[in-house]
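Report on the structure
What follows is the residue order along each chain.
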Number of protein chains: 2
Amino acid sequence: MNIKDYIQNLGRQARGASRILAQSNTKARNRALEIAASIIESDEKILVNANQKDLVAGQAKGLDRALLDRLELTKARIATMAEGLRQIVSLPDPIGVIDDLSYQPSGIQVGKMRVPIGVIGMIYESRPNVTADAAGLCIKSGNAVILRGGSEAIHSNQAIAYCIHQGLEQAGLPQVAVQIVETTDRAAVSELITQEKYIDVIIPRGGKGLIERISHESKLPVIKHLDGVCHVYIDDRADVNKAVAVAVNAKCQRYGVCNAMETLLVARGIAPEILPILGKHYQADGVELRGCLETQNLLLGVKSAIEEDWYTEYLAPILAIRIVSGLDEAIAHITHYGSHHTDTIVTEDLTRAKRFLIEVDSSSVMVNASTRFADGFEYGLGAEIGISTDKLHARGPVGLEGLTSQKWIVLGDGHIRQ
Amino acid sequence: MNIKDYIQNLGRQARGASRILAQSNTKARNRALEIAASIIESDEKILVNANQKDLVAGQAKGLDRALLDRLELTKARIATMAEGLRQIVSLPDPIGVIDDLSYQPSGIQVGKMRVPIGVIGMIYESRPNVTADAAGLCIKSGNAVILRGGSEAIHSNQAIAYCIHQGLEQAGLPQVAVQIVETTDRAAVSELITQEKYIDVIIPRGGKGLIERISHESKLPVIKHLDGVCHVYIDDRADVNKAVAVAVNAKCQRYGVCNAMETLLVARGIAPEILPILGKHYQADGVELRGCLETQNLLLGVKSAIEEDWYTEYLAPILAIRIVSGLDEAIAHITHYGSHHTDTIVTEDLTRAKRFLIEVDSSSVMVNASTRFADGFEYGLGAEIGISTDKLHARGPVGLEGLTSQKWIVLGDGHIRQ
């Protein structure tokens with residue numbers, strides 16, 4: 001069978017499974033996840049062995065240490081995977097919820113029923129735990145999913161899928177609700193993103209290059225985020241302690257994540273007071289600083305930032321710093337250079353906080369809180385399948401609700417339109 | 001200036017205007033619409049004269065009568081247009097509404113703020129009233145819009161835009177929030193649908209050919225519906241009076257609309273009783289019937305339906321009728337042949353009604369009500385900019401809410417992530 005037929009066949013099976021899942025009850029879907037979690041724990045050895053194959057192959061291929069680390073399924077990570085599925089079980093079922101059912105002047109009742117989207121295509125890179133998370137969220141929300149993980153994680157992903165298939169089967173649900181693309185041929189991705197008939201939406205996760213290619217070539221809607229050029233703006237009416245806490249946490253709590261701060265904007269009025277304090281913290285954490293001329297004048301050891309720095313998502317211990325005249329210039333900077341991901345203002349001024357919330361056009365806009373909070377768990381979604389910087393359908397962390405749609409329901413009693 | 005530069009310039013201006021609109025208050029946006037409505041009424045003569053130019057040109061071009069009729073701006077239609085804008089004024093402002101603001105375990109408050117999408121690109125055909133409706137909905141929801149109406153309505157559309165520009169200006173809002181594509185060159189459409197930087201979503205309205213071309217070529221998200229192959233299924237536990245009322249209204253209340261019934265499915269158990277009654281009604285209304293063999297046996301003068309009939313949106317006094325064994329077969333037929341627009345069951349059986357609501361995957365699913373209710377006004381949205389049969393972002397009639405997005409807002413007090 002060629003790749004085209006193979007992917008089409010996965011799509012056809014997923015479409016069929018999605019109809020069954022859409023009609024399944026909460027109990028069956030939860031049961032599938034609970035059983036899968038138990039099997040992941042009891043078959044831990046199978047997972048570790050499969051993962052070992054991937055690790056050996058990865059070393060032979062010369063993958064770097066960071067990649068091998070992300071690929072590894074330790075016992076702790078396997079336990080976390082099972083725990084993640086159980087957390088999804090504990091979330092309320094979004095499917096079938098009817099909102100706003102109300103009578104209209106004609107006498108009909110009109111409301112909206114939450115329903116699954118249908119078939120999700122996930123394309124992602126090395127970390128195998130995404131396989132369990134994505135499958136769990138899709139099953140819970142009544143969707144079928146086709147998972148295309150990184151080729152370097154293929155054995156691990158197959159082993160995880162095996163556990164999930166047991167769960168689905170024992171709960172009386174079709175195994176093909178969750179399918180792994182078993183070929184590592186890159187053509188499979190090109191096929192997936194053109195299956196208009198069988199796949200409803202593509203969710204890519206991974207490097208910018210992958211996501212750009214997918215969203216450019218896809219014939220299907222794509223839920224994605226490209227960049228996380230996140231800003232913290234310290235207003236001159238900021239509380240210094242809060243500002244330091246937020247600006248240090250946003251940069252240093254973790255570097256390689258999309259919700260880490262990449263550019264710090266500081267109001268001119270507070271810069272002489274706060275920059276030296278922040279400078280010490282960043283220095284202690286080994287963060288390289290690149291700043292505008294004014295920043296360099298206030299702080300020793302700051303390299304000169306060039307235009308490109310303001311656009312850059314470092315994902316590393318590097319920070320760009322710019323001094324601005326105030327709120328207007330901060331918002332203008334964020335609008336021009338930002339990536340609409342997550343931006344924070346630190347201020348005690350109510351009117352400025354309100355303006356920042358309204359005028360900054362990002363998926364998450366914050367007041368006096370670290371950008372690192374932009375996350376499905378922290379937002380109470382329970383889990384996230386990705387983050388969207390698009391404006392349509394889903395925005396910001398995408399949890400169960402982002403995997404659903406709503407249909408209109410109309411209840412009458414023989415009502416006709418006049 | 002060439003078309004590419006021209007459209008890009010419209011886009012750039014729209015993007016700028018969208019930022020101002022997003023930050024404008026309810027009062028200013030409502031004021032713009034109220035003034036525009038008054039000017040439409042007081043400048044009725046200007047509108048009629050502009051429209052006259054289009055009608056004369058249309059006749060010279062040999063447009064058919066139906067098209068000329070849709071193009072015409074009568075005094076009554078102009079009054080309705082102004083009334084439509086005032087109705088939009090009376091709708092609640094969706095922008096800035098904050099939902100679900102609640103404390104998370106970390107201590108941050110997380111909620112969602114409703115915001116405009118940004119810049120809408122509308123592409124539509126002859127009816128000039130769409131210009132006023134679309135501009136009104138976009139202004140109210142804080143979006144800028146670029147309107148590309150039919151070339152045959154260009155003078156009418158310019159005159160309507162003139163009225164709206166007066167409203168915007170007098171309310172202190174940028175006139176370029178609403179822009180008409182002034183060229184009738186078809187290349188303008190191709191340019192519009194590739195302005196990824198300046199336009200956020202394309203809403204095409206018109207014939208299937210236009211919409212297919214646009215959604216195929218667009219680099220932007222498209223909110224659209226292609227077909228309205230709507231079904232009424234009369235269950236054998238239907239109330240005969242309700243069934244007749246619904247099945248006649250769904251077909252005969254208006255023919256050329258997307259929410260008219262195109263296929264009638266009748267349970268075998270009730271067909272001998274109900275088909276003769278329905279047959280008389282349809283005959284009286286001059287509806288051509290095309291049926292399966294069983295239908296032909298029960299009813300005189302029914303043509304033989306071929307496979308293609310089940311897929312067809314007639315938009316005409318033609319109806320396909322099929323007798324099915326019951327609910328399962330009805331749902332299977334709708335799933336296979338339908339277009340996910342609007343489908344109705346007529347039944348007194350609660351369990352079957354519930355199954356139909358859950359299992360039929362259409363943008364509107366109804367019980368004991370005419371498919372003709374699938375409409376923004378009837379659903380209480382106040383107005384609609386279009387209907388979507390897609391599942392992502394907006395589904396069914398698209399009103400103000402469909403023109404908005406939500407961003408996450410996070411309020412802390414110096415909170416950092418642990």
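Rules behind the numbers
- Sequence order as written defines the numbering, with residues in each chain counted from 1.
- In the order they appear in the text, chains get letters beginning with A and ligands get numbers beginning with 1.
- Thresholds applied to this predicted model are a pLDDT of at least 70 for local features of residues and 80 or more for the giving and counting of side-chain atom pairs; totals over whole chains, interfaces and linings are not thresholded and use all residues.
- Remark: hydrogens and water are excluded; side-chain values derive from all non-hydrogen atoms of the structure.
- Elements are defined by DSSP. Helices are runs of H or I of four residues or more, strands are runs of E of two residues or more, and each kind is numbered from the N terminus.
- We take the radius of gyration over the C-alpha atoms and set the globule estimate at 2.2 Å times the residue count to the 0.38 power.
- Categorising residues by exposure relies on relative accessible area from a 1.4 Å probe, with only protein chains included: less than 20% of the type maximum marks a residue as buried, more than 50% marks it as exposed, and the intermediate range marks it as partly exposed.
- Only heavy atoms enter the contact rule, under which two residues are in contact if any of them lie within 4.5 Å.
- Methods summary: accessible areas were calculated by the Shrake-Rupley approach with a probe of 1.4 Å, and residue burial reflects only the protein chains presented.
- In this tally, Asp and Glu contribute negative charge and Lys and Arg positive charge; neither His nor the terminal groups of the chain are included.
- Throughout, a charge is located at the NZ atom of Lys, the CZ atom of Arg, the CG atom of Asp or the CD atom of Glu.
- Any two strands are treated as partners once DSSP identifies two or more bridges connecting them.
- A fitted line through C-alpha atoms represents every axis, and for helices the fit uses only the stretch in contact; the resulting angles, taken between N-to-C directions, go from 0 to 180 degrees.
- Nine residue types can take part in a nonpolar core, namely buried Ala, Val, Leu, Ile, Met, Phe, Trp, Tyr and Cys, and a core is a set of them joined through side-chain atoms within 4.5 Å.
- The split of the chain into domains comes from an automatic or database domain assignment.
- By convention, the term buried area covers the 1.4 Å-probe accessible surface removed from two parts as they join, with the contributions of both added.
- Salt bridge criterion: a side-chain nitrogen from Lys or Arg within 4 Å of a carboxyl oxygen from Asp or Glu.
- Polar contacts, as counted here, are pairs of nitrogen or oxygen atoms within 3.5 Å of one another; within protein the pair requires one atom able to donate a hydrogen and one able to accept it, and residues that are adjacent in sequence qualify only if both atoms are side-chain atoms.
- Think of it as three bins: nonpolar holds Ala, Val, Leu, Ile, Met, Phe, Trp, Tyr, Cys and Pro, charged holds Asp, Glu, Lys and Arg, and polar takes everything else, Gly as well.
- Each residue after the first adds 1.5 Å to the expected span of a helix.

A tally of regular secondary structure across chain A gives 14 helices and 16 strands. Computed over C-alpha atoms, the radius of gyration of chain A comes to 24 Å, within 12% of the 22 Å expected from 2.2 N^0.38 for 418 residues, which places it in the range of a compact globule. Counting only residues that meet the buried cut, chain A has 61% of its 418 residues in that class. In chain A, the share of contacts with a sequence separation of at least 24, taken over all contacts with a separation of at least 6, comes to 73%. Per element, the accessible surface of chain A, about 16,400 Å² overall, is 50% carbon and sulfur. With 44 positive and 50 negative side-chain charges, chain A shows a spacing of 4 Å between the two charge centroids.

Turning our eyes to something else, we now look at the sheet that holds strand β3 (residues 119-123) of chain B. All names here are of chain B. Read from one edge to the other, the open sheet built from 4 strands follows the order β5-β4-β3-β6, with strand pairing classed as parallel. Taken across any chain shown, the strands that pair with only one partner, and hence form the sheet edges, are β5 (178-180) and β6 (201-204). Strand-to-strand twist across the sheet, computed as the mean angle between neighbouring axes with direction ignored, equals 20 degrees. Across 4 bridges, the pairing between β3 and β6 is parallel. By the bridge assignment, Ile 120 is partnered in β6 with Val 201. Here helix α1 (residues 3-23) sits on the sheet and contacts β3, β4 (144-148) and β5; the angle it forms with β4, its principal contact strand, is near 150 degrees. Seen against the sheet, helix α6 (residues 129-140) touches β3, β4 and β5 and runs at an angle of roughly 165 degrees to β4.

With that settled, the discussion passes to the nonpolar core. Membership of the largest hydrophobic core comes to 74 residues, with the highest contact counts inside it found for Leu 47, Met 122, Leu 147 and Ile 385 of chain A. The dominant element in this core, judged by the number of residues it contributes, is helix α2 (residues 26-42) of chain A, at 8 residues. If we skip the residues at most four places from it in the chain, Met 122 of chain A touches Val 130, Ala 134, Val 145, Ile 146, Leu 147, Arg 148, Ile 203, Arg 205 and Ile 385 of chain A. Counting 73 residues, the second-largest nonpolar core is a separate cluster that includes Leu 10, Ala 32, Ile 193 and Leu 210 of chain B.

A few words now on the pairing of strand β2 (residues 109-116) of chain B. Residue and element names in this part refer to chain B. Burial of β2 is extensive: 8 of the 8 residues sit out of reach of the surface. As paired elements, strand β1 (residues 98-103) and β2 share 4 bridges and run antiparallel to each other. Bridging from a neighbouring strand, Ser 102 pairs with Val 110 of β2. If you look at the hairpin formed by β1 and β2, you'll find 5 residues sitting between the two strands, and Gly 107 has a positive phi there, around 105 degrees. Here β2 runs beside strand β16 (residues 404-415); their pairing, made up of 8 bridges, is antiparallel. Across the sheet, residue Met 113 finds its bridge partner in β16, namely Lys 407.

Now for the domain arrangement of chain A. Residues and elements named next belong to chain A. Partitioning chain A into domains gives domain 1 (3-223 + 393-411) and domain 2 (230-378). Placing the centre of domain 1 and that of domain 2 at their C-alpha centroids yields a distance of 35 Å. With 4 residues of domain 1 at the contact, the number on the domain 2 side is 8 residues. Buried area between domain 1 and domain 2, summed over both chains or domains, comes out near 380 Å², and the portion from carbon and sulfur atoms is 53%. The largest contributions to the domain 1 side of the interface with domain 2 come from Gln 87, Arg 395 and Pro 397, which together make up 85% of the buried area. Across the domain 1-domain 2 interface, the total number found is 1 salt bridge. In this structure, Asp 361 engages Arg 395 in a salt bridge whose closest nitrogen and oxygen atoms are separated by 2.9 Å. Taken together, domain 1 and domain 2 are joined by 1 residue pair in polar contact (both at pLDDT 80 or more). Counted by class, the side of domain 1 that touches domain 2 contains 1 nonpolar, 2 polar and 1 charged residues.

All names here are of chain B. Turning to its location among the elements, Gly 121 is positioned in strand β3. Taking relative accessible area as the criterion, Gly 121 reaches 0% and is therefore assigned buried. Aside from chain neighbours lying at most four places away, what touches Gly 121 is Ile 146, Ile 199, Val 201, Ile 202 and Ile 203.

A separate point is helix α2 (residues 26-42) of chain B. Here α2 of chain B contains 17 residues, and its C-alpha end-to-end distance of 24 Å stays within 8% of the 24 Å for a straight helix at 1.5 Å per residue. Packed against the buried residues of α2 of chain B are α1, α3 (44-61), α5 (75-90), α6 and α7 (154-170) of chain B.

What follows concerns the side chain of Thr 344 of chain B. Of note, Thr 344 of chain B is situated in strand β12 (residues 342-346). Beyond its immediate stretch of four places on either side in the chain, Thr 344 of chain B contacts His 231, Val 232, Tyr 233, Val 246, Phe 356, Met 366, Asn 368, Ala 369, Ser 370 and Thr 371 of chain B.

This part covers the sheet that holds strand β1 (residues 98-103) of chain A. Read across the sheet, 10 strands follow the order β1(A)-β2(A)-β16(A)-β13(B)-β12(B)-β7(B)-β8(B)-β11(B)-β9(B)-β10(B) without closing on themselves; strand pairing throughout is mixed. A single partner strand is all that each edge strand has here, and the edge strands are β1 of chain A together with β10 (303-304) of chain B. The pairing of strand β8 (residues 261-267) of chain B with strand β11 (residues 318-324) of chain B spans 5 bridges and is classified as parallel. When the sheet's bridge partners are listed, Val 266 of chain B is paired in β11 of chain B with Ile 323 of chain B. Running over the sheet, helix α11 (residues 271-284) of chain B touches β7 (230-234), β8, β9 (288-291) and β11 of chain B and is turned about 155 degrees from β8 of chain B. Helix-sheet contacts for helix α15 (residues 350-359) of chain B involve β2 (109-116) and β16 (404-415) of chain A together with β7, β12 and β13 (364-369) of chain B, and the interaxial angle to β13 of chain B is about 160 degrees.

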